[in-house]
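# Summary of the model geometry
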Amino acid sequence: MTDYLIIDGMNVFMRHFAANPAISENGESIGGVVGFLRGLKNLINGLYPKEVIVVWEGGGSPRRRAIDPNYKQSRRPVKLNRFYEEIPATASGRNQQINMLIQLLRFGPIKQLYVSDCEADDVIGYLTNFELRNKKIVIASSDHDYYQLVNDNITIWSPGQKKIVTQEDIFKKFNIHPENFCAARCFCGDKSDGVPGASGVGFKSITKRFKFLSTGEKSSVDDIITFAEQNVLQSKLKIYKNIVNHATRAKINWKLMYLGTNNLSASQIRKIEFQIEQQPPSSKKLDFMRALKRYQINNFDVNSYFMALNFINNK
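Just so you know, these numbers come straight off a predicted model, no measurement behind them. (Residues numbered from 1 in each chain as written. Predicted model: local features only at pLDDT ≥ 70, side-chain atom pairs only at ≥ 80, totals over all residues. Heavy atoms only, no water.)

## Considering the overall build of the protein chain
Our working definition: Comment: elements are numbered from the N terminus, with helices defined as DSSP H or I runs of at least four residues and strands as E runs of at least two. Put simply, the radius of gyration uses C-alpha atoms, and a globule should come to 2.2 Å times the residue count raised to 0.38. Three exposure classes are used, based on accessible area relative to the maximum for each residue type with a 1.4 Å probe and protein chains only: buried under 20%, partly exposed in between, and exposed over 50%. Here, two residues are considered to be in contact whenever any of their heavy atoms come within 4.5 Å of each other. We get accessible surface area from the Shrake-Rupley algorithm with a probe of 1.4 Å; when it comes to residues, only the shown protein chains can shield them.
Across its full length, the protein chain carries 14 helices and 6 strands. What you see for the protein chain is a C-alpha radius of gyration of 21 Å, in line with the 20 Å of a compact globule of 315 residues. Dimensions of the protein chain, computed from the C-alpha atoms along their principal axes, are close to 70 × 45 × 35 Å. Across the 315 residues of the protein chain, 50% fall into the buried class. For the protein chain, contacts bridging at least 24 residues in sequence account for 73% of all contacts bridging at least 6. Accessible area for the protein chain stands at about 15,800 Å²; split by element, carbon and sulfur atoms hold 49% of it.

Right, dumping it as structure tokens:
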């Protein structure tokens, strides 16, 4: 039994928006909407969560941009799987679908969280580390930033891998304990977010030379730097020198990548706490069906969707 299913709304939506070419009766693109809702139904049927929370992006983090103006500036546009040239793949089309999806989710027992000037991963990090601490949680996202949160109670549903990612899976793939995933990543970098790593340092090399990262004992960026400094003079391996040279940047990377509370203001935390305490709406099947008719969406199985939602209502 899962206590909470927490969905990284934009991350999951964009996967469907990019891959699903479905269109409505009036010729508008709706792949992101119907794909998200079908995926939600399948997750509820597979995980049986007591509650479902969708967390939306709040426009990015000004605090992170103040630390590094290049943060997330190099992200490539989403590659869309469109079979017909006449279907627009514009930002306005994306935003129209997101608004449509938000409205449709309001007709079921789904909590939706949005905090202005706040990234979804910061909200989810706060929920898992504080507000919902020690609860059984599944996070739905393909973002590796969440790997640092994985423990005995927290797992990740990866839409790309179509599987639950556990501590064992992370260790098997990276040879590193989730507790130390973020610290190691400060030296490996993250190209997708514009976070530079140390020259020649990847997960394979850093876990080979810094074996303590593979244990369950938490290690910091400073621990890695100190170990490198102790070995730089007595070893010919370049990794130690490269890590020492990268020390200042690694500490900046930690501020960008760690999902603590440093990138949240007191006001944002209060908003998260207020929203999470609100009762989710009840199921309104007829209103949902009216909305589908208004949006001219005819290719969606309403009955099976609400059968899944009823499980949440009757927990």
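## Focus: the state of the cysteines
So the rule is basically this: In this description, a disulfide is simply a cysteine sulfur pair whose atoms lie within 2.5 Å.
Under the definition given, this model contains 0 disulfides. Of all cysteine sulfurs in the structure, the one in Cys-182 sits closest to Cys-118, which takes part in no disulfide; the separation is 16 Å. Not engaged in a disulfide, the cysteine Cys-188 finds its nearest cysteine sulfur in Cys-186; these two sulfurs lie 9.2 Å apart.

## A look at the pattern of salt bridges
Put simply, the rule is: Salt bridges are defined as contacts in which a side-chain nitrogen from Lys or Arg sits within 4 Å of a carboxyl oxygen from Asp or Glu.
This model, assessed by the stated rule, comprises 10 salt bridges. For Asp-169, the salt bridge is made with Lys-163, and the minimal N-O distance between the two is 3.2 Å. Its relative accessible area of 23% is what places Asp-169 among the partly exposed residues. The partly exposed category is assigned to Lys-163, whose relative accessible area is 33%. Here Arg-290 ties to Asp-287 by a salt bridge, and the two come within 2.8 Å at their closest N and O atoms.

## Quick look at the confidence of the model for the protein chain
The cut-off we apply is this: Per residue, pLDDT measures the predictor's confidence, with a range of 0 to 100.
The pLDDT averaged across the protein chain works out to 91; a share of 93% of its residues lies at or above 70. pLDDT under 50 marks residues 77-88. Its contacts with residues more than four places away, or in other chains, come to 20 contacts.

## Looking at a positive patch on the surface
Selection rule: What makes a patch is a set of residues exposed beyond 30% relative accessible area and free of salt bridges, joined within 9 Å when like-charged and within 5 Å when nonpolar (Val, Leu, Ile, Met, Phe, Trp, Tyr). Under the convention used here, Asp and Glu are negative, Lys and Arg are positive, and both His and the chain ends fall outside the count. Where a charge lies is defined by one atom per residue type: Lys uses NZ, Arg uses CZ, Asp uses CG and Glu uses CD.
On the surface, a cluster of positive charge is contributed by Lys-204, Lys-208, Arg-209 and Lys-211. Here Lys-204 lies in helix α8 (residues 203-209).

## Concerning the sheet that holds strand β6 (residues 163-165)
Basically, it comes down to this: In short, DSSP must find at least two bridges between two strands for them to pair. The axes used here are C-alpha line fits, helices contributing only the stretch in contact, and every angle between their N-to-C directions lies in the interval 0 to 180 degrees.
Spatially, β3-β2-β1-β4-β5-β6 is the arrangement adopted by the 6 strands of the open sheet, whose pairing is mixed. The open sheet has two free edges, formed respectively by β3 (110-114) and β6, since each of these has just one partner strand. In this sheet, neighbouring strand axes are inclined to one another by 25° on average, regardless of whether the strands run parallel or antiparallel.

## Quick look at helix α6 (residues 167-174)
Put simply, the rule reads: Summarising the geometry, the arc corresponds to the directions from the helix axis toward the C-beta atoms.
Gln-167, Ile-170 and Phe-174 are the residues of α6 that are buried. In an axial view of α6, the angular spread of the buried residues amounts to 65°, which keeps them on one side of the axis. Facing away from the buried side of α6 by more than 90 degrees, the exposed set consists of Glu-168, Lys-172 and Lys-173. Those residues of α6 that are buried lie in contact with β6, α7 (181-188) and α8. Asn-175 occupies a position one or two residues after α6 and carries a positive phi of about 60°.

## Quick notes on the packing of helix α1 (residues 9-19) against helix α2 (residues 31-47)
Note the cut-off: Put simply, a crossing is left-handed when the front helix is turned counterclockwise from the back one by less than a right angle, and right-handed when it is turned clockwise. When residues are sorted by character, Ala, Val, Leu, Ile, Met, Phe, Trp, Tyr, Cys and Pro go into the nonpolar class, Asp, Glu, Lys and Arg into the charged class, and all the rest, Gly among them, into the polar class.
Viewed as axis vectors pointing N to C, α1 and α2 meet at an angle of 120°, and their least axial separation amounts to 7 Å. Between α1 and α2 lies a crossing of right-handed hand. Where α1 abuts α2, its residues Gly-9, Val-12, Phe-13, His-16 and Phe-17 lie against Gly-31, Gly-32, Val-33, Gly-35 and Phe-36. For the contact of α1 with α2, the per-class residue count stands at 5 nonpolar, 5 polar and no charged.

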